[in-house]
Amino acid sequence: MLLAIDIGNTETVVGLYEAERAEDCLAEDGLVQHWRLSTVQERTPDEIVVLLRSLLDSEGVDMEADLTGVAVCSGVPRMRESMRIMVQRFFDFSSVVIEPGTRSGIPILYDNPHEVGADRIANAVAANHLYGGPAVVVDFGTTNNFDVISQDGEFLGGAIGPGIEVSLDAMVGRAAALGPVALIEPRNVIAKTTTESIQSGVIYGFASQIDGMVSRFEAELGQELIVIATGGLAHLIAPLSQTIQHVEPYLTLHGLWLVHKRNRQFVR
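*Asks:* Describe the sheet that holds strand S2 (residues 11–17), naming the residues involved and giving the relevant values.
*Replies:* Strand order in the open sheet formed by five strands is S3-S2-S1-S4-S5, with mixed pairing between adjacent strands. Looking at strand neighbours, the two that pair on one side only are strand S3 (31–38) and strand S5 (94–97), the edges of this open sheet. Ignoring strand direction, the axes of neighbouring strands in this sheet form an average angle of 10°. As judged from the six bridges shared by strand S1 (residues 2–7) and S2, these two strands associate in the antiparallel manner. Looking at the pairing, Asp6 lines up with Val13 of S2. Relative to S1, helix H8 (residues 251–263) is tilted by about 125°, and along the sheet it contacts S1, S2, S3, strand S4 (69–74) and S5.

*Asks:* Lay out the nonpolar core in plain terms, naming residues and giving numbers.
*Replies:* The biggest cluster of nonpolar side chains holds 29 residues, and the ones touching the most others in it are Tyr17, Ile98, Ile106, Val125, Ile149, Leu253 and Leu256. The set of elements that each furnish at least two residues to this core consists of S1, S2, S4, helix H4 (118–131), strand S6 (135–140) and H8. The element contributing the most residues to this core is H4, with seven residues. Excluding anything up to four places from it in sequence, Ile106 contacts Ala124, Val125, Ile149, Gly153, Glu154 and Phe155. Within the second largest apolar cluster, 27 residues are counted, among which are Phe140, Val214, Leu225 and Val227.

*Asks:* Give a detailed account of the side chain of Asp6, specifying residues and quantitative values.
*Replies:* Among the secondary structure elements, Asp6 is positioned in strand S1. The charged side chain of Asp6 is buried without a salt bridge, its nearest counter-charge being Arg36 at 6.9 Å. Beyond its immediate chain neighbours, meaning those up to four positions away, Asp6 contacts Glu11, Thr12, Val13, Cys73, Asp119, Thr252, Leu253 and Leu256.

*Asks:* For H4, give the residues involved together with the corresponding values.
*Replies:* For H4, spanning 14 residues, the distance from its first C-alpha to its last is 20 Å, which sits close to the expected 20 Å at 1.5 Å a residue. Burial analysis of H4 places ten of its 14 residues in the buried class, which makes it a mostly covered element. All of the buried residues along H4 are Ala118, Asp119, Arg120, Ile121, Ala122, Asn123, Ala124, Val125, Ala126 and Ala127. In the stretch just after H4, Gly132 is the one whose phi turns positive, near 75°.

*Asks:* How would you sum up the packing of helix H1 (residues 45–58) against helix H3 (residues 77–90)? Please name residues and give values.
*Replies:* In contact at an axis separation of 8 Å, H1 and H3 are set at 70° when each is read in the N-to-C sense. The pairing of H1 with H3 is recorded here as roughly perpendicular in orientation. As for how H1 packs across H3, the hand of that crossing is right-handed. Facing H1, whose interface residues are Pro45, Asp46, Ile48, Val49 and Leu52, H3 presents Met79, Ser82, Met83, Ile85, Met86, Arg89 and Phe90. Residues of the contact of H1 with H3, tallied by class, amount to nine nonpolar, one polar and two charged.

What counts and how
Residues numbered from 1 in each chain as written. Predicted model: local features only at pLDDT ≥ 70, side-chain atom pairs only at ≥ 80, totals over all residues. Heavy atoms only, no water. Pairing = 2+ DSSP bridges. Helix = DSSP H or I, 4+ residues; strand = E, 2+ residues; numbered from the N terminus. Axes fitted to C-alpha atoms, helices over the stretch in contact; angles between N-to-C directions. Contact = heavy atoms within 4.5 Å. Core = buried A, V, L, I, M, F, W, Y, C linked by side-chain atoms within 4.5 Å. Buried < 20%, exposed > 50% of the residue type's maximum accessible area, 1.4 Å probe, protein only. Lys, Arg positive; Asp, Glu negative; His and termini not counted. Salt bridge = Lys/Arg side-chain N within 4 Å of Asp/Glu carboxyl O. Expected span 1.5 Å × (residues − 1). Parallel < 35°, antiparallel > 145°, perpendicular 65-115°, else oblique. Left-handed = near helix turned anticlockwise from the far one by under 90°. Nonpolar A, V, L, I, M, F, W, Y, C, P; charged D, E, K, R; others polar.

Dropping the structure here:
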């Protein structure tokens, strides 16, 4: 089995895959189990391996006997280094930590490819594999990432904006008369209460942001884009967007599986 680990600023997603699944599968095919954890930057390599062993034990998976590979991407430099140390110390099989120089199978056309986050690379690899291009991945997380892939499977670039929860927390924190609200769709766009007014502004506002950004990408490229949403809040915004066509909760994990598969001959 393969352990795919996507470390974000707020949450870490761990996926357990059948290592030898078919290449032309869906993102969730072969996914035996997945876990969503809080990202704690202070965790040491020893603490990380104890946590992973506990998760695997809960599924009856022996970390030494059943795992054949590990693939990691992280947007948190401190956690990336902890993961690198952890896999070097505790695993004797093939491991891939996505970083500059990793063979992803997709050309990175950023001015400085080293600036592109590992999660954005994994998303682009997975989106191109599943849907081809031209396409854009919208990843709802601490930040909202827009990653554009060309018709030829190149990572062209994109945009980064504040995430939904970050924006809501900032607004509530700076406005004394406003309090926390549940992120659910309100009854109307023109809301009649303060709580629903916040929900309308946040939820419909971000749906409109997605549609507006996609429109601008398409105008710049002169092509229609396949729009794929992923991330923790994709399920909330996608039904309200006029442009999102596919929701892929496991897109990043699928990209990690692909990158690991493409690097097995180059890693220990």
